[in-house]
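Analysis of the macromolecular model
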Amino acid sequence: MTFAKNLRCKECGIDYPLEKRTACDECFGAVGVIYDYKAACKTFTAAEINKREKSIWRYRELLPVHEIKNQVDFHAGFTPLRKCKGLGKLFGLKNLYLKDDTTNPTGSFKDRPVTIAVSKALEWGYSTVGCASTGNLAGATSAAAAKAGLDCNVFVPSQLDDGKIIPTLVYGANIIAIDGTYDQINRIANLVAEKKDWALVNINVRPYYVEGSKQLHSRFVNSWIGNSQII
Ligand SMILES: [Zn+2]
């Protein structure tokens, strides 16, 4: 289950249901997911969480996907911390650690938000997902789609390096290459997605996609449940 209860406009504060929505009807502000933290506090404890397997979904109560059957997991998260002595010395820090998200399945932190966005698309019954991307997001979305058994279409600039295209093709996605800037590609992708009824992770599923990004900030979990483990 999840304690996500609604979407809320970040500008004017109007609430909306947990629906496919990226902006507020009143002010065009971005919307974000709101949780019932009081209710979550009663069951969502550090002791309970520590019994669970090391997966992004360990924290499922604070992620906006309702049923476990829709929680796609291609093993993003739980990346290592690297002690950086040289960099630490430069800043006068004895214990400087960097979170190495290059060890995620497709080599980037994008695997985290895509996990949540594709799960939400699955929950809503979409058969096709995708994204507008200049590289890393294309690979992450295609990998998550392959795991979820969904079709995947990614919109990329036509001049993108082969090195960034090949991983996406390996996971079976369709590549739609467009001559134009990223902003132009983004707008075209949005228009096509509306017409075809596709869920594009960083466009029309964006409020949920962002919920995956928050996991990288360990403060989110640590400060809330007093758990020293980071994901
Ligand atoms: Zn608003």
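Reading the values: rules and limits
- Residues numbered from 1 in each chain as written.
- Predicted model: local features only at pLDDT ≥ 70, side-chain atom pairs only at ≥ 80, totals over all residues.
- Heavy atoms only, no water.
- Axes fitted to C-alpha atoms, helices over the stretch in contact; angles between N-to-C directions.
- Helix = DSSP H or I, 4+ residues; strand = E, 2+ residues; numbered from the N terminus.
- Parallel < 35°, antiparallel > 145°, perpendicular 65-115°, else oblique.
- Left-handed = near helix turned anticlockwise from the far one by under 90°.
- Contact = heavy atoms within 4.5 Å.
- Nonpolar A, V, L, I, M, F, W, Y, C, P; charged D, E, K, R; others polar.
- Pairing = 2+ DSSP bridges.
- Salt bridge = Lys/Arg side-chain N within 4 Å of Asp/Glu carboxyl O.
- Buried < 20%, exposed > 50% of the residue type's maximum accessible area, 1.4 Å probe, protein only.

Turning to the packing of helix H4 (residues 111-123) against helix H5 (residues 136-148), a few remarks are in order. Two numbers describe how H4 lies on H5: the axes approach to 9 Å, and their chain directions differ by 45 degrees. The orientation of H4 with respect to H5, classified from their angle, is oblique. Of the two elements, H4 crosses H5, and the hand of that crossing is right-handed. Facing Asp111, Val114, Val118 and Leu122 of H4, the residues of H5 in contact are Leu137, Ala140, Thr141, Ala144, Ala145 and Ala148. By residue class, the composition of the contact of H4 with H5 is 8 nonpolar, 1 polar and 1 charged.

Below, the discussion takes up the pairing of strand E8 (residues 174-178). Looking at chain direction, strand E7 (residues 151-157) and E8 are connected through 5 bridges and run parallel. If you follow Val156 over to E8, its bridge partner there is Ala177.

Scanning the model with the defined rule gives 12 salt bridges in all. Between Asp101 and Arg112 there is a salt bridge, with its nearest N and O atoms 2.7 Å apart. Taken as a pair, Asp101 in the loop between strand E5 (97-99) and H4 and Arg112 in helix H4 lie far apart in primary sequence, 11 residues in all. Linking Glu211 and Lys214 is a salt bridge whose minimum nitrogen-to-oxygen distance equals 2.6 Å. The pair Glu211 / Lys214 is uniform in exposure class, with both members buried. Linked through salt bridges whose partners overlap, the residues forming this network are Glu48, Lys51, Arg52 and Glu61.

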